[in-house]
Amino acid sequence: MTLLSCRNLGFCQPRGNAFVLQGIDLSLEKGELVGLLGLNGAGKSTLLRLLMGFLTSSVGDVFLEGRSLREWSASAIARHLAYVPQSHVATFPYTVRRMVELGRVPYSGLTGRLAPEDRMAVDAALERMGLSGLADRPVTELSGGERQRVVLARAIAQDAQGLLLDEPMTGLDYGYQLRLMALLADLAREGRLVMLTSHRPEELYVQASRVLVLDHGRIDADGPPQDVVTAQRMSALYGVSLAQTDHAGNRFFHHGRDEK
Ligand SMILES: Nc1ncnc2c1ncn2[C@@H]1O[C@H](COP(=O)(O)OP(=O)(O)OP(=O)(O)O)[C@@H](O)[C@H]1O
């Protein structure tokens, strides 16, 4: 079932004269783990922000559950879609628990008391991100990777049907990168739409059910990872010579020896 879709979506920055995104047609289904690849500046974050309703399209429209996002209130969107930004600066010394509790605001309201199910969702998210032992620490006193796990836990606590993540692996140690990808795959298998931007095609090859390539603001490829994450396409996209080796369900890329 389609959760999010867009038709002929286009976006120009307010003071820019060129389109950052153009002619984007997408139908994003519940149960999919969608990876979004593209060069720096290709428009990946812009697309996620348009799908979240943080930016308003210049052309075309985004639909959530078949209704234009323009008809949805911000809190109703937040009960359907959670978002993890590319970077997050902690300026106020909230505790880790309090930060994760903010994921429940779409249900409890800003001043509302947390119901038992809110507390359960917060505890489960803390546990899933390995933060139970840090719950009472101020976020301003955490490492970069720990803070990233707090932002991820807040999004998971939101318990939304759609989870849109902008380079979520940034700053995570290798163990948490692998755990997070497995968790995202689980969330998709549970019937959620999970969409993430990434600069790691090999990781998308293993876990994503669908991979999109954005190139110069347009969708250049859209399909299963076996068809999209190929040495030929990745070489063309990144402008480097790559060869591929498949092994035990993984695909590894090797940088050609002729290039430095
Ligand atoms: N606030 C802004 N004002 C003007 N231009 C912007 C703004 N934010 C982004 N852009 C431009 O929009 C284009 C798309 O940026 P976007 O952040 O969506 O790219 P991205 O694919 O997410 O890149 P990266 O991989 O580097 O995160 C870029 O050309 C960028 O320079």
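Fair warning: this is a prediction, and the values are worked out from it, not measured in the lab. Positions within a chain are numbered from 1, following the residues in the order the chain's sequence is written. Confidence filtering applies because this is a predicted model: local features only for residues at pLDDT of at least 70, side-chain atom pairs given and counted only at 80 or more, and all residues used for totals across whole chains, interfaces and linings.

1. So, the sheet that holds strand S4 (residues 59-64)
No. 1: DSSP-based pairing: two strands are paired if at least 2 bridges between them are found. Secondary structure elements are defined from DSSP: runs of H or I of at least 4 residues count as helices, runs of E of at least 2 residues count as strands, and each element is numbered from the N terminus. An order of S2-S1-S4-S5 is seen for the four strands of this open sheet, with the pairing classed as antiparallel. Only two strands of the sheet have a single neighbouring strand rather than two, namely strand S2 (19-29) and strand S5 (67-68).

2. A short note on helix H5 (residues 116-128)
No. 1: Over its 13 residues, H5 extends 18 Å from the first C-alpha to the last, a length consistent with the 18 Å expected when each residue adds 1.5 Å.
No. 2: Buried residues of H5: Ala 121, Val 122, Ala 125 and Leu 126, and no others. The arc that holds every buried residue of H5, seen down its axis, measures 130°, which confines them to one face. When the buried face of H5 is taken as reference, the exposed residues oriented beyond 90 degrees from it are Pro 116, Glu 117, Met 120 and Glu 127.
No. 3: Distance between backbone-placed C-beta atoms decides contact: two residues are in contact if it is within 7 Å. Next to the buried residues of H5 lie helix H3 (96-101) and helix H6 (144-157).
No. 4: Phi turns positive one or two residues past the end of H5, at Gly 130, with a value near 65°. Take the number of residues in a helix, subtract one, and multiply by 1.5 Å to get its expected span. Three exposure classes are used, all based on how many other C-beta atoms lie within 10 Å of a residue's own C-beta (placed from the backbone): buried at 20 or more, exposed at 12 or fewer, and partly exposed between those limits. Throughout, the arc means the angular range of directions from the helix axis out to the C-beta atoms.

This is a description of form; function is not addressed.
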